[in-house]
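A structural walkthrough
Okay, here's what each chain looks like letter by letter:
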Amino acid sequence: MGYYRSLSCILTFLWVSGAVVCLFLGIGLRYGMYAWRSHRFMPGEEVILLTGGNQGIFCEKVMLESSGYLTAKHLRIRDWQAFKSPETRIEHFDVALAYKYYDFKKYRLYSREWLDIRVCSERGTMLYTASTQQAFVKLKSDLELGNPCAVDPSSSDPVCGKTVHAYTIPAAPKPCNWLARGQDFNQAMDQMGWRRATFAAADATDVFVVVSSNSLDNRGKNLLEIQSHKLTYMGGTTDIISECLQQQHCMFALDFGSDQAVVLQVGSVTEEPTYPVEIWTICVARDWFFVLLFCIIPVVVLSVVSFFIARRHTATHRLSYAQPTRVGEPLLPFKVSR
């Protein structure tokens, strides 16, 4: 009787412990990790929310709620190395400085993005890059006072050469014309008077490209060509499964186990990045997988373990019951049937 009671206690402890562990793990993972989460991003920023095939195993769908408009895409990835790739945009500006001291263009850059700035001026001009709003405000004030940053500033200057850089653009030897597509720029520098400056962002920042004249009589052409090299998740070798364009509510159904990603672009690249956009995300769990992982599989495993425990326990009990009497111990009496 004691044998069966001992075996019953072992199996009961095993099953109760397994049930408690699976219950707490399942509930904790289901309602802890898969809850609404809040994020804050600046307008124009591109963000990757989830990647890889493992996300689709546990998540059936992902839902987005935003305080502003966003563009989100569900992508199937064919080449992870080229997933985030540079995208080049070329813009042309004919800057008129006949009746004003300066003109400017503003860009929003993120880490490892850069600008290739090309200028041709028939009367000569100055080019400045300011990497913060405060530096741009100070630069405007200095330009109006006629005391802007020099090309070779002092190393002790807290602004010039650090958040503001100056470049001298000499007068072109001939009338300025736009560069032809694919034209060699070194040749354009030697023969047409074009000049170049670059700006690379280490972190997210606003960049102000300022073209300034030393007099109000600058009636010549001032051509400004800016190539912005933006790192984007939206391009590259990907297949778009579904997308949500300029919405505040988005939902994507995820594939089970395939290489995929959900990325979003907050706001618009032309939107003034003054206030961050708050975005709430939730990954809706794949319930049947949780039932399989925390219910069916544990039951099968516990059943197999219980079978081997009971089998070994029974074999041990039978062996001890059938143990022969040791030498010197009295034999049990028995009757001989007639």
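Predicted model, so just to flag it, every value in this text is computed and none were measured.

How each quantity is defined
Residues numbered from 1 in each chain as written. Predicted model: local features only at pLDDT ≥ 70, side-chain atom pairs only at ≥ 80, totals over all residues. Heavy atoms only, no water. Disulfide = S-S within 2.5 Å. Helix = DSSP H or I, 4+ residues; strand = E, 2+ residues; numbered from the N terminus. Buried < 20%, exposed > 50% of the residue type's maximum accessible area, 1.4 Å probe, protein only. Salt bridge = Lys/Arg side-chain N within 4 Å of Asp/Glu carboxyl O. Phe/Tyr/Trp six-rings, centres within 6.5 Å; stacked < 30°, edge-to-face > 60°. Pairing = 2+ DSSP bridges.

Some remarks on the state of the cysteines
Note on terminology: disulfide describes a covalent bond linking the sulfur atoms of two cysteines. Counted under the stated rule, the structure contains three disulfides. Put simply, Cys149 and Cys160 are joined by a disulfide, and their sulfur atoms are 1.8 Å apart. Because the torsion about its S-S bond is -75°, the bridge between Cys149 and Cys160 counts as left-handed. In this pair, Cys149 is assigned in the loop between helix H3 (133–145) and strand E8 (164–169) and Cys160 in the loop between H3 and E8, connecting sequence segments 11 residues apart. Note on cysteine connectivity: Cys244 is disulfide-linked to Cys250, with sulfurs 2.0 Å apart. Judged by the sign of its S-S torsion, about -70°, the bond between Cys244 and Cys250 is left-handed. Per residue, the accessibility class of Cys244 equals that of Cys250, and both read buried. Free of any disulfide, Cys22 has its nearest neighbouring cysteine sulfur in Cys295, separated by 8.3 Å.

Some details on the pattern of salt bridges
Oppositely charged side chains can pair when the atoms bearing their charge come close. Counted under the stated rule, the structure contains seven salt bridges. Note that Arg196 is salt-bridged to Asp116, the shortest N-O span being 3.2 Å. Highlighted residues: Arg196 in strand E9 (residues 195–200) and Asp116 in strand E6 (residues 114–121), separated in sequence by 80 residues. One salt bridge connects Arg118 with Glu225, and the closest N-O pair in it is separated by 3.7 Å. Taken together, the positions of Arg118 in strand E6 and Glu225 in strand E11 (residues 222–232) put the pair 107 residues apart, joining distant regions of the chain. Among the residues examined, Arg118 registers a relative accessible area of 10% and is labelled buried.

As for unusual backbone geometry
Of note in this structure, Gln246 is not a glycine but carries a positive phi near 50°. In this structure, Gln246 sits in strand E12 (residues 238–253).

Considerations on the packing of aromatic side chains
Scanning the entire structure with this criterion turns up four aromatic pairs. Arranged with centres 4.2 Å apart and planes meeting at 5°, the rings of Phe136 and Phe208 form a pair that is stacked. Of this pair, Phe136 sits in helix H3 while Phe208 sits in strand E10 (residues 205–212), and the two are 72 residues apart along the sequence. The burial state of Phe136 is the same as that of Phe208; both residues are buried. Ring centres 6.4 Å apart and planes at 40° place the aromatic pair Trp178 and Trp194 in the tilted group. Of the two residues, Trp178 sits in the loop between E8 and helix H4 (185–192) while Trp194 sits in the loop between H4 and E9, which places them 16 residues apart along the sequence. Of the residues examined, Trp178 reaches a relative accessible area of 36% and is grouped as partly exposed. An aromatic cluster of at least three residues, connected via ring pairs, comprises Phe104, Phe136 and Phe208.

Side note on the pairing of E6
Of all eight residues in E6, seven are buried, a share of seventy percent or more. In this structure, E6 lies alongside E9, joined through six bridges in antiparallel fashion. Counted as the bridge partner of Trp114 is Ala200 from E9. Summarising the sheet, E6 and E11 pair through eight bridges and their orientation is antiparallel. Within E11, the position partnered with Trp114 by the bridge is His229.

Note that all results are geometric; they support no functional claim without further evidence.
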